[in-house]
Amino acid sequence: MTEKKEVALKKETPIANAELDAMLMEDAGAGTEFMSKDDFAIPRISILQSGSDQVKKSSGGYIQGAEEGMFFDNISNEIKDGGEGLIFIPVSYRRAHIEWKPRTAGGGFVADHGISDEEYKACEVDDKGNHITADGNEIVPTAEYYGLVVDEEKKTTKQVVISLAKSQLKKARRWNTLINQLQIPKPDGKGTMNPAMFYMAYKLTTVPESNDNGSWFGISVAAYKPTTEIGGVELYMAAREFRKAVIGGDVKVANPVEMASDAESDSDPM
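Keep in mind it's a predicted model, so treat the numbers as computed, not measured.

> Where do I start with the pairing of strand E8 (residues 138–151) in this structure?
Counting buried residues along E8, 13 of its 14 residues qualify, which places the element largely inside the surrounding structure. Pairing of strand E7 (residues 131–132) with E8 involves 2 bridges; the strand directions are antiparallel. Directly across from His 131, in E8, lies its bridge partner Ile 139. Hairpin connection, E7 to E8: the antiparallel pair is bridged by 5 residues, and Gly 136 has positive phi, about 90°. For E8 and strand E9 (residues 156–165), the ladder comprises 10 bridges, and the chain directions are antiparallel. Looking at the pairing, Thr 142 lines up with Ala 165 of E9. In textbook terms, the turn of a hairpin is the stretch between consecutive antiparallel strands, and for E8 and E9 this stretch comprises 4 residues, one of which, Lys 155, has a positive phi near 60°.

Shown next, in the form of structure tokens:
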């Protein structure tokens, strides 16, 4: 039998704050040297619905205090009031095609087919406009925005992906139009230009929506402030660097956890 050894923590003279600060700086990132993009994942932010596991007390995924209409981070399990909203700086966009198992078969994510629409076009279209594979799964066109969620009070940022599908694709079209139509004066004063996507931060909130098939919470997007007015050049540069990582393929995103509500079916995808 191995003898259990206990090590007593000795009381030592506290080190000066300057020494501790120096060590904290020296040790920044220590322990993560061998981590790559395959060892962690950027969270997805979604909107909780009445049927989401996080709001059902009978579910293993229940989160205390979670309610429909809240924003949900699928890595940290953090929730945020949808009325209060999020400040978000988009840095890159893609239109993905996400394959899901039907809820009647247990539901769940199957595959991310990326920007290719070959599998999507090969599907049969049901009477609701949904694209169904030979295996009975559904492929859903999804607008994805990579970006930074900004906490102005704590002065922190978090890299995330926000996905919009089905009825929310119309919101994505409007958001993309806002981004593409934005004009600012050129630095040389000669006319205007359309700045980078990450020039502007947006306020995201949630709103109740419904149709003949049911009700749900959707997203509302409004221009907020130029990035530099929130965090100066440093925040603009952080957004710029994140975009480079996304474009360079150095970013791995967590798999989505829940398909949009069937009530949100949109027969006119992007």
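> Can you help me understand the side chain of Thr 227 in this one?
For Thr 227, the location among the structural elements is in helix H4 (residues 227–247). Using a relative accessible area of 0% as the deciding quantity, one classes Thr 227 as buried. The contacts of Thr 227, once residues within four sequence positions are left out, are Ile 89, Phe 198, Tyr 199, Met 200, Ala 201, Gly 232, Leu 235 and Tyr 236.

> Just checking my understanding: could you explain the nonpolar core for this structure?
If you look at soluble globular proteins, the nonpolar side chains tend to sit buried side by side. Formed by 21 residues in total, the largest nonpolar core has its most connected members in Phe 88, Ile 162, Leu 164, Trp 175 and Leu 204. Elements with a minimum of two residues in this core: strand E1 (44–47), strand E4 (86–100), E8, E9, helix H3 (169–181), strand E12 (200–211) and strand E13 (214–226). Broken down by element, this core gets its largest block of residues, 4 residues, from H3. Ignoring anything within four residues of it in the chain, the contact list for Trp 175 reads Phe 88, Pro 90, Tyr 145, Leu 164, Tyr 202, Leu 204 and Val 221. Membership of the second largest hydrophobic core comes to 17 residues, among which are Val 91, Val 150, Ile 230 and Val 246.

> In this structure, what is going on with the environment of Met 197? I would like to understand it.
Here Met 197 lies in the loop between strand E11 (192–193) and E12. Spatially, the C-alpha atom of Met 197 lies 8.1 Å from that of Ile 89, the residues being 108 residues apart in sequence.

> Teacher, can you tell me more about H4 here?
Spacing of three or four residues puts side chains on the same side of an α-helix, whose turn is 3.6 residues. Taking 1.5 Å per residue, 21 residues should reach 30 Å; H4 reaches only 20 Å between its end C-alpha atoms and comes up short. Largest kink in H4: about 95°, centred on Val 233. Within H4, the full set of buried residues consists of Thr 227, Ile 230, Leu 235, Ala 239, Phe 242 and Val 246. Buried-residue contacts for H4 involve E4, E8, E9, E12 and E13. Following H4 by one or two positions, Gly 249 has its phi on the positive side, about 75°.

> Mind showing me how you'd approach the pattern of salt bridges here?
Oppositely charged side chains can form a pair if their charged atoms are brought close together. With the rule as written, the count across this model stands at 12 salt bridges. Here Lys 80 makes a salt bridge to Glu 84, at a shortest N to O gap of 3.0 Å. You can call Glu 84 partly exposed: its relative accessible area is 49%. One salt bridge connects Lys 121 with Asp 117, and the closest N-O pair in it is separated by 3.4 Å. By relative accessible area, Lys 121 is classed as exposed at 64%. Judged by relative accessible area, Asp 117 falls into the partly exposed class, the value being 25%. Within the structure, one salt-bridge network assembled from shared partners comprises Arg 44, Arg 94, Asp 112 and Glu 144.

> Please clarify how the side chain of Glu 99 should be interpreted in this entry.
Note on placement: Glu 99 falls in strand E4. Buried within the structure, Glu 99 lacks any salt-bridge partner; its nearest side chain of opposite charge belongs to Lys 101, at an N-O separation of 9.5 Å. For Glu 99, the side chain forms a polar contact with the side chain of Asn 137, separated by 2.9 Å. Apart from residues no more than four positions distant in its own chain, Glu 99 is found in contact with Gly 108, Phe 109, Val 110, Ala 111, His 113, Thr 133, Asn 137, Glu 138 and Ile 139.

Criteria and cut-off values
Residues numbered from 1 in each chain as written. Predicted model: local features only at pLDDT ≥ 70, side-chain atom pairs only at ≥ 80, totals over all residues. Heavy atoms only, no water. Buried < 20%, exposed > 50% of the residue type's maximum accessible area, 1.4 Å probe, protein only. Helix = DSSP H or I, 4+ residues; strand = E, 2+ residues; numbered from the N terminus. Pairing = 2+ DSSP bridges. Contact = heavy atoms within 4.5 Å. Core = buried A, V, L, I, M, F, W, Y, C linked by side-chain atoms within 4.5 Å. Expected span 1.5 Å × (residues − 1). Bend = angle between axes of the 7 residues up to and from the residue. Salt bridge = Lys/Arg side-chain N within 4 Å of Asp/Glu carboxyl O. Lys, Arg positive; Asp, Glu negative; His and termini not counted. Polar contact = N/O pair within 3.5 Å; in protein donor to acceptor, adjacent residues only side chain to side chain.

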